[in-house]
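Report on the structure
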Amino acid sequence: MIKNIKGTKDLLPNAMLNILDIERHLNIFMNIHGYGEIRTPIFESTELFSRSVGEHTDIVNKEMYTWVDQNKQSLTLRPEMTASVVRSYIQKQLWKTEPISKFYYIGPSFRRERPQKGRLRQFHQFGIEAIGSPNPEQDAEVISMAYNIYKMFGIDNLEIKINSLGSGNIRKKYGIDLRDSLIKFKNEFNESELIRLEKNPLRILDSKNKKTQKIVNENAPNIFDYISDEDNQHFNDVINILDQLKITYTHDQKLVRGLDYYTKTVFEVTSSNLGAQDALCGGGRYNNLVKELGGENIPAIGFAAGVERLLLAMNLEDNRTIDTDVYIVNIEKQYTAKAMQIADLLRKELGVAVYIDSLRRSIKSQMRHANKMNAKFTIILDLENLKKDKVLIKNMNENKQESILINNIVSYFESE
Ligand code: HAM
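Description of the structure in this document. This structure is a prediction, so every number in the text was calculated from the model and none was measured. (Residues numbered from 1 in each chain as written. Predicted model: local features only at pLDDT ≥ 70, side-chain atom pairs only at ≥ 80, totals over all residues. Heavy atoms only, no water.)

With respect to the side chain of Ser365
Take Ser365: it is sitting in helix H13 (residues 363–372). Under the relative-accessibility criterion, Ser365 is labelled buried at 19%. Separated by 3.1 Å, the side chains of Ser365 and Ser362 make a polar contact. (Helix = DSSP H or I, 4+ residues; strand = E, 2+ residues; numbered from the N terminus. Buried < 20%, exposed > 50% of the residue type's maximum accessible area, 1.4 Å probe, protein only. Polar contact = N/O pair within 3.5 Å; in protein donor to acceptor, adjacent residues only side chain to side chain.)

Some thoughts on H13
The α-helix advances 3.6 residues per turn, and as a result positions three or four apart in sequence lie on the same side. Looking only at H13, the buried set comprises Ser365, Gln366, Met367, His369 and Ala370. Elements in contact with the buried residues of H13: strand S12 (326–330), strand S13 (354–356), strand S14 (377–381) and strand S15 (390–395). (Contact = heavy atoms within 4.5 Å.)

Some remarks on the nonpolar core
Formed by 86 residues in total, the largest nonpolar core has its most connected members in Met30, Tyr89, Phe126, Ile131, Tyr150, Ile155 and Phe303. When residues of this core are assigned to their parent elements, the largest contribution, 7 residues, is made by helix H5 (residues 136–152). Beyond its immediate sequence surroundings of up to four residues, Met30 is in contact with Tyr35, Tyr104, Phe126, Gly127, Ile128, Met145 and Ile149. (Core = buried A, V, L, I, M, F, W, Y, C linked by side-chain atoms within 4.5 Å.)

So, the sheet that holds strand S2 (residues 43–45)
The 3 strands lie next to each other as S2-S4-S3, forming an open sheet whose pairing is antiparallel. On the outer flanks of this sheet lie S2 and strand S3 (66–68), each paired with one strand and no other. Neighbouring strand axes in the sheet, compared pairwise and without regard to direction, differ in orientation by 30 degrees on average. Pairing analysis gives 3 bridges linking S3 to strand S4 (residues 74–77), with the strands arranged antiparallel. Looking at S4, one finds that Thr66 is bridged to Thr76. Contacts from helix H2 (residues 46–54) reach S2, S3 and S4, with the element oriented near 75 degrees to S2. (Pairing = 2+ DSSP bridges. Axes fitted to C-alpha atoms, helices over the stretch in contact; angles between N-to-C directions.)

Focus on the packing of aromatic side chains
Within the structure shown, the criterion is met by 11 aromatic pairs. With a centroid separation of 6.4 Å and an interplanar angle of 70 degrees, the aromatic rings of Phe267 and Phe303 are classed as edge-to-face. Remark: Phe303 occurs in strand S11 (residues 300–306) and Phe267 occurs in strand S9 (residues 263–271); sequence separation between them is 36 residues. Of the two residues, Phe267 and Phe303, both sit in the buried class. (Phe/Tyr/Trp six-rings, centres within 6.5 Å; stacked < 30°, edge-to-face > 60°.)

Topic: the layout of surface pockets
Of the voids in this model, the second largest pocket is the one considered here, and its volume is about 670 Å³. In terms of lining, the second largest pocket is formed by 27 residues, of which the most central are Arg171, Lys172, Asp260, Tyr261 and Glu292. It is helix H6 (residues 170–182) that provides the largest number of residues to the lining of the second largest pocket, a total of 5 residues. Within the lining of the second largest pocket, the residues separate by chemical class into 7 nonpolar, 12 polar and 8 charged. (1 Å grid on protein atoms, 1.4 Å probe; cavity = no way out; pocket = protein on both sides within 12 Å on 5 of 7 lines; lining within 4 Å. Points joined across faces, edges and corners; volume = space filled by probe spheres on them. Nonpolar A, V, L, I, M, F, W, Y, C, P; charged D, E, K, R; others polar.)

Some words on the site of the ligand
In the region of the ligand, 27 residues are neighbours, and Glu80, Thr82, Glu113, Leu120 and Tyr262 sit closest. Thr82 is positioned such that a nitrogen or oxygen atom in its side chain is 2.8 Å from a nitrogen atom of the ligand. In this structure, a nitrogen atom belonging to the ligand sits 3.5 Å away from a main-chain N or O atom of Gly302. For the ligand, whose unbound accessible area comes to 660 Å², protein coverage reaches 96%. Elements with a contribution of two residues or more to the shell around the ligand: strand S6 (122–131), strand S10 (279–285) and S11. Take the shell around the ligand: its biggest share by element is 6 residues, from S10. (Near = heavy atom within 4 Å. Areas by Shrake-Rupley, 256 points an atom, 1.4 Å probe, with all protein chains shown as cover.)

Some thoughts on the sheet that holds S10
The strand order S1-S5-S6-S11-S10-S9-S7-S8 describes an open sheet built from 8 strands, whose pairing is mixed. With one partner strand each, in any of the chains shown, strand S1 (36–37) and strand S8 (250–251) form the two edges of the open sheet. Where helix H9 (residues 229–244) meets the sheet, it contacts strand S7 (158–164), S8, S9 and S10, and its direction lies at approximately 160 degrees from that of S7. Packed onto the sheet, helix H11 (residues 307–314) meets S6, S10 and S11 and runs at close to 105 degrees relative to S6.

A look at H9
The first and last C-alpha atoms of H9 sit 22 Å apart over 16 residues, in line with the 22 Å expected at 1.5 Å per residue. Looking only at H9, the buried set comprises Asp231, His234, Phe235, Val238, Ile239 and Leu242. Buried residues of H9, viewed axially, fall in a sector of 125 degrees; they line one side. Of the residues in H9, the exposed ones pointing more than 90 degrees away from the buried face are Asp229, Glu230 and Gln244. In this fold, the buried residues of H9 make contact with H5, S7, S8, S9 and S10. Note on H9: the residue one or two positions beyond its end, Lys246, has a positive phi of about 60 degrees. (Expected span 1.5 Å × (residues − 1). Arc of directions from axis to C-beta.)

None of the figures reported here should be taken as evidence of function without further support.
Here it is as structure tokens:
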């Protein structure tokens, strides 16, 4: 038997109902905030991700699905969407036609991580990217949107962590000092931490290893001692707006995020409703990325969130069924076309959901199926009624039935 690949999931219709509801709410939420949907391809040239997410990140180093195609071009399934949105923005030179571009997206991303609860190899992200504004009010809008989305979906136990990575060469300078401050503990670190310390020292700050955390807490310099007055002011302006919006947050000076493109504000929303993988969403400013990928010097900020983690936090039932208003019990196969005409008429005139049996089952098992589908009415096409141009309509909740002329079916349902 051929099975799905480890870390991927089939989403069957009953599970999709919750996801489609989430997407519907998100579409409306984004539109009323002035964000329009962008869809980019799910694969891109590998270079796009190595140049943006960063060559020394876990994502690029070990988690990407990359292959060389027939034209000897290295391609990669997107591990995230920010790089693609920026690529598209640059390619279309959108700054020439609009001073600010506000996008949102929903779709699959791919990372070859070790699968566990809330962590998949094909997962789904929704997110936003606001490209064009350098101002703290834009940061505050993005963070408050992330917060309000989780509030909209009724998630409690939310925590927003926020930090600044500064701008210019700060990240690099801080990285060097961080490495120097920790190198004397190298015998205490495991192999992957040593590689991090060498290649991408900031990543040591979000090590999950308790012993490493202690060493870091006691010895690492504070990034806030490095950032400029201007960056400090930007950070204060952002949190000042959040305070006024009554959005609570913690300033987590160890928050660095796992992607290289960030400058200034970074943030994450976590929920204790989730297990070990507690990050619902993460984001931040990336003021250099548009330029680094070949565009103008244009600042930007955004976030992305895991759909699967939102679903886990919402703790929804996934055995919902598709709504059925009317179930047509079709027992005389020569009247199938009649059944279909009635179904189409009801769908078109009244917009109701109509199900027709096509298994030629007994009346009893069709009625049982109608019950299981929570049908509000059944229409039974039996010979005796059909001879009089009638059908039998049964109200399943009130357990009453009537013979109705086929010509009067629509008005019957209109009055029900
Ligand atoms: P990220 O933190 O790598 O950021 O991913 C964002 C969110 O995607 C995570 O908080 C998590 O909810 C979800 N996620 C990530 N990996 C997995 C996985 N393997 N399985 C399930 N869910 C996962 C980014 O992707 C950036 N592009 C965010 C951003 C947008 N920054 C600026 N703009």
